[in-house]
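Now for the letters of each chain:
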Amino acid sequence: MSGLGFFIDALGGFLTSPMTLFNVAWATFLGILVGSLPGLTATLGIALLTTLTFRMDGTQAILILICMYVGAIYGGSRSAILLNIPGTPANAATALDGFPLARSGKAGKAMGIATAGSFAGGLIGMLALALVAPVLGDFALSFGSYEFFWLALFGVLISGQITTTGDALKGWIAGFIGLFVAMIGQEGIHSYQRFSYGSSDLSGGIGLLPALVGAFGFAEILTVMKARGFQSVRDASDRILPRMGDVWRHKRTIVRSGLIGTFMGLLPGVGEDMGAWMSYAAAKRASKVKETFGKGSLDGLMAAETGNNAAVPGAIIPVLTLAVPGSAPAAVLLAAMFIHGIRPGPMIMIEFPSFVFEVVAMVAMAMFAMLIIGLMLTRPLLMVLAVPRAYLMPLIFTLCTIGSFAIAGRIFDIYVMLAFGLIGFALREMKYPMAPLVLGIVLGDLLDKSFRRGMTLSDGDFVAFLTRPISAFLALACLLMLLGAIPPVRRRVTALFSSLRKKPSETPQ
Amino acid sequence: MVDDTGVTVAEASPPSDQPTRADALMGIVFVFFGLIITFEAWRMPRMEEFGSNIWSAPGVVPGMIGICLTLMGFFLFMRSRQALNIAPPKGEPGSRLRVLITLGLCFGFAFVAVGLIPFVLAAFLFLFSFIMIFDLQDRRVEGKPLTGNALVKRIALAFTVAAVAAWTITTVFEDVFFVRLP
């Protein structure tokens, strides 16, 4: 059966099952709620929902998690527009123009444009998922230990480089802390217990979900409680349903941001935040009215929301084909797939070819649910933002405690959540990004096994890591990233590029 | 950062990147942390006695991670060492106290109460005390402290919310989703 056939089959199955439609509706609605509440992120939402759904059928569970993912990234735009506090980090760029629009009495219009942008971005990303995933899956079949070692290292480095503003060092440190965390416990080649010191809990390793719930849940609670209360705009009495003409006016921004967002999603551990920032920056560069950006530009708002939602399906592409997450929420999705017996990675197009297109259909269901719920329930959702944090945060922490414990039933995982909450809070306060830390934890095992297997295969000759075309390319990319972080090298390269750019204009026509 | 209308806008801006005193101190911490990891990795068995390639030894990759962390910590320290003499910026008034209270309550619940008393009771006590403490504190900060009847009503509301939430969470997880609670 062809890809389109698998997709239509899956979509037909979902649309004719009342239970599936019910699951899509509540999970997307819950996702929008989670995203819109400061203190709850998409990563935390998916992690908590993984604990609730791990006894369900795998397809339904993954569908619910994808709906939560799509809903949460979109839902974050609500608090960004109305409170000037991004509901999730992916909506930070949304607040730049969304909040000024809301303050000038156009909150409804801003929410309408954000919804249209999110939907359009999601569709572009979904199309890319359907087209790119099978090709990348086939391509990944040629990957061996050498390629996977470089891919894991490249993932940690690029995530550290892009998720920090200008300072790759802090991102890399966060990534290497994540790699170290992945080294704790019994390793997979000789079954030796590393950094366990006789503790049976540590010998099992640090669970990804408790660590993420701590770093994204408990740390966020501390951040929210640290700040004073916030001022909000709760008047959205203007028209919410966007006019087709208003959306069509931004067609170039939508296509550009959709492509940028998808590409950012594809890069390991980069994800929705950078999808939004890069799209916003590109829209500003291309705009004839740059001065309106940051003061209520509809184009800026459209770019940010299209970019972050396009990154959602984009981040799922490497999850399915390489078992490498494109973002922090995608890392939880990857863990959930393993829990449900689905083995993402290069073999997916051989072992579960229909699953890739089922995921495309799941994204489509989530996108349409997001559009309908987002436009219909705008005013009721405003009431949720009025819940005081003193009531909301202890509830979230109670869920974090249950979420950490539920999957393995270990009290130790609650302690892991507390420890990672503290570490995450401290690192955030010092401007260390969390995405590379997560990616380090996820990719640590792959990096470790691939390096040691590769060295064993080549009998200790590291040159073997550089001679195959893909591994040589990835090694070069890592090297360039490292060199680019050295200030004198960066300055020279920048000077070289600017002199090259000047030369053609100096040549007389 | 506060804009012209007094609204906090820092949340929406990308973080700035000036070296700080904390960076220099963390640089030292990472150097020591990296050295400890490297030392511990060095102490791990080489597995040569089992006929394995030395490069497959369990300490190889942790050792590399330790060396990289040491180097990065060193660069971080070198880059920000001038900031050691700069006093750290003063935070928002009361923010440290709010964080400490939150930490105390959360650790009291998750580290002490959970597993010691039934979950529903632990959750109720945590929710009630958290809501009361911060609700009263927020009111005081806003200059509208609660007294008399208003205070009694607020306590009753917090009690009801905590009781209903603790019972609902416990029931939904245990009886609807069949998730075991600590």
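Residues numbered from 1 in each chain as written. Chains lettered and ligands numbered in written order. Predicted model: local features only at pLDDT ≥ 70, side-chain atom pairs only at ≥ 80, totals over all residues.

Student: It is not clear to me how the overall build of chain A should be interpreted in this structure. Could you clarify?
Tutor: Across its full length, chain A carries 23 helices and two strands. Relative to the compact-globule value of 23 Å for 509 residues, chain A shows a C-alpha radius of gyration of 22 Å, a close match. Overall, the C-alpha framework of chain A stretches about 70 × 70 × 55 Å when taken along its three principal axes. The buried share of chain A, taken over its 509 residues, is 61%. (Helix = DSSP H or I, 4+ residues; strand = E, 2+ residues; numbered from the N terminus. Rg over C-alpha atoms; globule rule 2.2 N^0.38 Å. Buried ≥ 20, exposed ≤ 12 C-beta atoms within 10 Å, placed from the backbone.)

Student: Please clarify how the overall build of chain B should be interpreted in this entry.
Tutor: A tally of regular secondary structure across chain B gives five helices and zero strands. Listing every helix and strand of chain B by position from the N terminus yields α-α-α-α-α. Counting every position in chain B, which comprises 182 residues, the buried fraction comes to 27%. A fraction of 68% describes how many contacts in chain B between residues 6 or more apart in sequence connect residues 24 or more apart. (Contact = placed C-beta atoms within 7 Å.)

Student: Sorry, what's going on with the interface of chain A and chain B here?
Tutor: For interface size, the figure often reported is the accessible area lost on association. Facing 61 residues of chain A, the contacting portion of chain B comprises 59 residues. Of all the secondary-structure elements, those providing two or more residues to the side of chain A that touches chain B are helix 3 (42–53), helix 5 (92–140), helix 7 (168–183), helix 9 (208–226), helix 18 (389–406), helix 19 (411–429) and helix 20 (435–457) of chain A. Its residues assigned to classes, the side of chain A that touches chain B shows 39 nonpolar, twelve polar and ten charged. (Nonpolar A, V, L, I, M, F, W, Y, C, P; charged D, E, K, R; others polar.)

Student: I tried to follow the packing of helix 3 of chain A against helix 4 (residues 58–82) of chain A on my own but got confused; where do I start?
Tutor: Two numbers describe a pair of packed helices, the interaxial angle and the distance between the axes. All names here are of chain A. Taken N-terminus to C-terminus, the directions of helix 3 and helix 4 make an angle of 160°; their axes are 9 Å apart at the nearest point. Considered as vectors, helix 3 and helix 4 are oriented roughly antiparallel to each other. Of the two elements, helix 3 crosses helix 4, and the hand of that crossing is right-handed. Packed against helix 3, whose contacting residues are Ala42, Gly45, Ile46, Leu49, Thr50 and Thr53, the element helix 4 presents Ala61, Ile64, Leu65, Met68, Tyr69, Ala72 and Ile73 at the interface. (Axes fitted to C-alpha atoms, helices over the stretch in contact; angles between N-to-C directions. Parallel < 35°, antiparallel > 145°, perpendicular 65-115°, else oblique. Left-handed = near helix turned anticlockwise from the far one by under 90°.)

Student: For this particular structure, what's the right way to read helix 5 of chain A?
Tutor: Since the α-helix advances by 3.6 residues per turn, residues separated by three or four positions end up pointing in the same direction. All names here are of chain A. Compared with an ideal rise of 1.5 Å per residue, which puts 49 residues at 72 Å, helix 5 spans 34 Å between its outermost C-alpha atoms and falls more than 12% short. If you look at helix 5, its biggest bend is around 135°, right at Gly105. Among the 49 residues of helix 5, 39 are classified as buried, and the element is accordingly described as predominantly covered. (Expected span 1.5 Å × (residues − 1). Bend = angle between axes of the 7 residues up to and from the residue.)

Student: Looking at this model, I keep getting lost on the packing of helix 6 (residues 145–162) of chain A against helix 20 of chain A. Mind explaining?
Tutor: Residue and element names in this part refer to chain A. Across the interface, helix 6 lies against helix 20 with an axial gap of 7 Å and an inter-helix angle of 155°. Considering their axes alone, helix 6 and helix 20 lie roughly antiparallel with respect to each other. Pair helix 6 / helix 20 crosses with left-handed handedness. Across from Ser145, Tyr146, Phe148, Phe149, Ala152, Leu153, Gly155, Val156, Ser159 and Gly160 in helix 6, the residues of helix 20 making contact are Ala435, Pro436, Leu439, Gly440, Leu443, Leu446, Leu447, Ser450, Phe451, Arg453, Gly454 and Leu457. Its residues assigned to classes, the contact of helix 6 with helix 20 comprises 14 nonpolar, seven polar and one charged.

Student: Explanation requested: the domain arrangement of chain B in the structure shown.
Tutor: As assigned here, chain B comprises domain 1 (11–85) and domain 2 (95–176). One C-alpha centre belongs to domain 1 of chain B, the other to domain 2 of chain B, and the line joining them spans 40 Å. (Domains from an automatic or database assignment.)

Student: What am I meant to see in the environment of Val179 of chain B here?
Tutor: Relative to the assigned elements, Val179 of chain B resides in the segment after helix 5 (148–176). What makes Val179 of chain B buried here is the crowd of 20 C-beta atoms within 10 Å. Once residues within four sequence positions are removed from consideration, Val179 of chain B is found in contact with Thr51, Leu52, Ile402 and Ala406 of chain A together with Phe173 and Glu174 of chain B.

Student: Where do I start with helix 5 of chain B in this structure?
Tutor: All names here are of chain B. Relative to the 42 Å expected for 29 residues at 1.5 Å per residue, helix 5 spans 41 Å between its end C-alpha atoms, a close match to the ideal helical length. The set of residues buried in helix 5 consists of Ala158, Ala162, Ala166, Ile169 and Phe173. Positive backbone phi, at 55°, marks Phe178, one or two positions downstream of helix 5.

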